[in-house]
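This is what each chain is made of:
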Amino acid sequence: MELYKTNQLKIYNSLSKSKEIFKPIVEGNVGMYVCGPTVYSNVHLGNVRTFMSFDLVFRYLKQLGFKVRYVRNITDAGHLENDADEGEDRIAKKARIEKIEPMEVVQRYTVDFHETLQKINNLPPSIEPTATGHIVEQIEIIKDILAKGMAYEVNGSVYFDVLKYNETEHYGILSGRNIEDSVHNTRELDGQSEKKNPQDFALWKRAEEKHIMRWPSPWGEGFPGWHLECTAMSTKYLGETFDIHGGGMDLKFPHHECEIAQSKVKNKVNPVNYWMHANMLILNGQKMAKSTGNYILPNEIFTGENKILSKAFSPSATRFFMMQAHYRSVLDFSNDALEAAEKGYMKLMEALNNLKNIEVGKVSSINVSEWKQRCYDAMNDDFNSPVLIANLFEAVKYVNLLLEKKETISSADFEELKNTMNIFVYDVLGLQNNSEENACDKLNGVVEMLIKMRKEARDNRDWALSDKIRDELAVLGIQLKDGKEGTTFSVN
RNA sequence: GGCGUUUUGGCCGAGUGGCUAGGCAGAGGUCUGCAAAACCUCGUACAGCGGUUCGAAUCCGCUAGACGCCUCCA
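The numbering scheme is per chain: residues are counted from 1 as the chain's sequence reads. Chains carry letters from A onward and ligands carry numbers from 1 onward, assigned in written order. Given that the model is predicted, a residue must reach a pLDDT of at least 70 before its local features are reported, and side-chain atom pairs must reach 80 or more before they are shown or counted; all residues, however, enter totals for whole chains, interfaces and linings. Heavy atoms throughout the structure, all of them, feed into the side-chain values; hydrogens and water do not.

1. Let's talk about the protein's contact with RNA strand B
Here is step 1: Throughout, the term near means that a residue has one or more heavy atoms lying within 4 Å of the molecule or strand in question. Among the 54 residues in the neighbourhood of RNA strand B, the closest are listed as W226, G248, K287, M288 and R470.
Here is step 2: Among the atoms of RNA strand B lying within 4 Å of the protein, the sugar-phosphate backbone contributes 66%.
Here is step 3: Under this definition, polar contacts are N or O atom pairs within 3.5 Å; protein pairs additionally need one hydrogen-donor-capable and one acceptor-capable atom, and for neighbouring residues in sequence, both atoms have to be side-chain atoms. Within the side chain of R470, an N or O atom sits 2.4 Å from a base nitrogen of RNA strand B.
Here is step 4: Q479 has a polar side-chain atom sitting 2.7 Å from a sugar or linking oxygen of RNA strand B.
Here is step 5: Listing elements by their share of the surface near RNA strand B, those giving two or more residues are helix 1 (45-63), strand 9 (242-248), strand 12 (286-287), strand 13 (331-333), helix 11 (335-354), helix 13 (385-403), helix 16 (463-475) and strand 14 (478-483).
Here is step 6: Under the scheme used here, helices are H or I runs from DSSP no shorter than 4 residues and strands are E runs no shorter than 2 residues, and both carry numbers assigned from the N terminus. With six residues, the top contributor of residues to the surface near RNA strand B is helix 13.
Here is step 7: Note that Gly is not counted as nonpolar here; it falls among the polar residues with everything else outside the nonpolar set of Ala, Val, Leu, Ile, Met, Phe, Trp, Tyr, Cys and Pro and the charged set of Asp, Glu, Lys and Arg. Split by residue class, the surface near RNA strand B holds 17 nonpolar, 22 polar and 15 charged.

The following block contains the structure:
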């Protein structure tokens, strides 16, 4: 029987601002849409955190036995750099600076995006549609919204009429704001704008002559507004109403608000049952963002080539660091925090490696099934990975006590412990065990031989030789660990 | 200025009205030829002030700080 039938999953819904019991539209199936990146530069760690948060959601839903269709778009049409009419889109701008074709920029950074997410062990989504691949669908939606009188055309551009929409619907329902407030509080009213109101947003923009990315439309040559693509693609692949929509907290307004407005006009229904927002990654007390220069790239962490960290950290250690915080909490990035996370991660991996050394007995002195349920309970409570990790460290303690034979475990319980640890560490959290990959067989053989020689020296009380072997290996980054059951080693 | 979030022990971070995660660092111990590693044990912290309550870090109010959104942004 599927686990979702016995596990009650609760999800915090940004729309209701409360945790709700998750019930998909079609039993056993989940449709999830997550706003993907605009591929105009390398993804930074902040971007990665959001996608990792939803990777956790994706992985756990699958673990519960749901069949998940996970759609995450690539924004390759670019969107306006600012709201000014002469704005050119980000991708076209970058292309001019670097003197290459826009699609070359798109290709380069799409590849970078995929490579980075793969390193950090994110699963690929089920469908990864592009904005430029759905121009036709977007044009159709604009026509529909125009026909319903909720948009207007000016000079080859089409704008959504927010104030009119707000007469019958609540624009701001998700972000908890009232359009009246923002009308009064808009600082600089942009007089030259062709929009009726500053709150209106573009569905279609006329392409200026220099604009390279352009498509024909009933309103002339142009390109779609940013908010529209997500509506077009989510509707196409998941339906008019689907289960989960995710994205970074900073997309709540206006992006997701606009999506709701577009869908409500076009389809007359609420597009999303559960809105999920992942929180920001903070660096030096500020949000990590490309535009401010306050960011670190994943590769700079993995190689150690940066000014923030004292050393390089593996993708898994980095992933573990982020999983130790809840996805809805702001997370502070720092060298100390990453170092602490790395050590904890190593400890967890060590315990997993030690599972094979445990001897099973007839009876168990530890309650494995109760522990296992606590792991599920943690994740069922709005994907609480920090609490899950705390439970996993409890399992680490079990493993160590079992190794010292201070606790006992039956073979059935041992299998359950082992399987559950593997499921949560590898399948759900998506961590990888690099500790064994570091050493190849030949190296293992050589070190084992040296360990043997050192043991002989020690048996002969030849401390000088035994210490020499130990110290010289240490210089090479191979640490010997003398334990009760003999000597083991780790490669740094 | 508006809206919202947040403030937890040396650091990072969970959390429920009473049973007070976890990791790192630190202290003590076990083990060891020594060392390292490993393991075990230990910390009663919740911004300040006031209120509700038998009881609050957890609920309410005020004050202060921080952050996010209000423009592209994960």
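2. Quick word on the packing of aromatic side chains
Here is step 1: Note on aromatic pairs: the rings of Phe, Tyr and Trp (six-membered ring only in Trp) are paired at centre separations within 6.5 Å, and the planes decide the class, stacked below 30 degrees, edge-to-face beyond 60, tilted for the rest. Counted according to the given criterion, the structure contains 18 aromatic pairs.
Here is step 2: For the ring pair F160 and F201, a centre distance of 4.8 Å and an interplane angle of 10° mean the geometry is stacked. On the criterion of sequence distance, the pair formed by F160 in strand 6 (residues 157-160) and F201 in strand 7 (residues 201-206) is long-range, its members being 41 residues apart.
Here is step 3: We call a residue buried when its accessible area falls under 20% of the maximum for its residue type, exposed when it is over 50%, and partly exposed in between, using a 1.4 Å probe and counting protein chains only. On the basis of relative accessible area, F160 is assigned to the buried category, the value being 0%.
Here is step 4: Here the aromatic residues Y60, Y327, Y376, F383 and F424 are joined through ring pairs into a cluster of three or more.

3. Examining unusual backbone geometry
Here is step 1: Looking along the chain, the bond that leaves F253 and enters P254 is cis, with omega of 0°.
Here is step 2: Of note in this structure, K405 is not a glycine but carries a positive phi near 60°.
Here is step 3: Residue placement: K405 occurs in the loop between helix 13 and helix 14 (411-428).
Here is step 4: Judged by relative accessible area, K405 falls into the exposed class, the value being 54%.

4. Side note on helix 4 (residues 135-147)
Here is step 1: Between the first and last residue of a helix there are one fewer steps than residues, each counted as 1.5 Å, and that sum is the expected span. If you check helix 4, its first and last C-alpha atoms are 18 Å apart, about what 13 residues at 1.5 Å a residue would give, namely 18 Å.
Here is step 2: Listing the buried residues of helix 4 in full gives I135, Q138, I139, I141, I142 and I145. Across the axial projection of helix 4, the buried residues extend over an arc of 160°, all falling on one side. Summarising the geometry of helix 4, the exposed residues directed more than 90 degrees from the buried face are V136 and A147.
Here is step 3: Against strand 5 (151-154), strand 6, strand 7, strand 8 (222-224), helix 7 (226-238) and helix 8 (252-267) lie the buried residues of helix 4.
Here is step 4: In the segment just after helix 4, G149 is the residue with positive phi, at about 80°. Here the arc refers to the directions that run from the helix axis out to each C-beta atom. Contact between two residues is taken to exist if any of their heavy atoms lie within 4.5 Å; hydrogens are not considered.

5. Section: the packing of helix 1 against helix 10 (residues 315-323)
Here is step 1: Orientation of helix 1 relative to helix 10, taken along the N-to-C sense of each, is 75°, at an axis distance of 11 Å. Considered as vectors, helix 1 and helix 10 are oriented roughly perpendicular to each other. Contacts between helix 1 and helix 10 involve L45, V48, R49, M52, D55, L56 and R59 on the former and, on the latter, T318, R319, M322 and M323.
Here is step 2: Residues of the contact of helix 1 with helix 10, tallied by class, amount to six nonpolar, one polar and four charged. Comment: axis = line fitted to C-alpha atoms, over the contacting stretch for helices; angle = value between 0 and 180 degrees taken between N-to-C directions. Small angles under 35 degrees read as roughly parallel and large ones over 145 as roughly antiparallel, with 65 to 115 read as roughly perpendicular and the rest as oblique.

6. Some thoughts on empty space enclosed by the protein
Here is step 1: The pocket and cavity definitions rest on a 1 Å grid over protein atoms only: a 1.4 Å probe that fits but cannot leave marks a cavity, an open set with protein on both sides within 12 Å along at least five of seven lines marks a pocket, and residues lining either have an atom within 4 Å of a point. Grid points are joined across faces, edges and corners, and a volume is the space filled by probe spheres set on the points. Scanning the entire structure with this criterion turns up two cavities of 30 Å³ or more.
Here is step 2: Empty space within the largest cavity amounts to approximately 70 Å³.
Here is step 3: In terms of lining residues, the largest cavity is bounded by R49, M52, S53, L56, M322, M323, A325, H326, Y327 and S385.
Here is step 4: Only helix 1 and helix 10 provide two or more residues apiece to the lining of the largest cavity.
Here is step 5: Here the element with the most residues in the lining of the largest cavity is helix 1; it accounts for four residues.
Here is step 6: Residue composition of the lining of the largest cavity, by class: six nonpolar, three polar and one charged.
Here is step 7: The split of the chain into domains comes from an automatic or database domain assignment. Looking at the lining of the largest cavity, you find at least three residues from each of domain 1 (25-279) and domain 2 (282-428).

7. Some words on helix 3 (residues 102-119)
Here is step 1: Relative to the 26 Å expected for 18 residues at 1.5 Å per residue, helix 3 spans 26 Å between its end C-alpha atoms, a close match to the ideal helical length.
Here is step 2: Along helix 3, the positions that sit buried rather than exposed are P102, V105, V106, Y109, T110, D112, F113, T116 and L117. Within helix 3, the buried residues cover an arc of 165° as seen down the axis, which keeps them to one side.
Here is step 3: Remark: N121 follows helix 3 within two positions and exhibits a positive phi of approximately 70°.

8. A look at the environment of A312
Here is step 1: Here A312 lies in the loop between helix 9 (298-303) and helix 10.
Here is step 2: Taking relative accessible area as the criterion, A312 reaches 31% and is therefore assigned partly exposed.
Here is step 3: C-alpha separation for the pair A312 and K372, spaced 60 residues apart in sequence, amounts to 34 Å.

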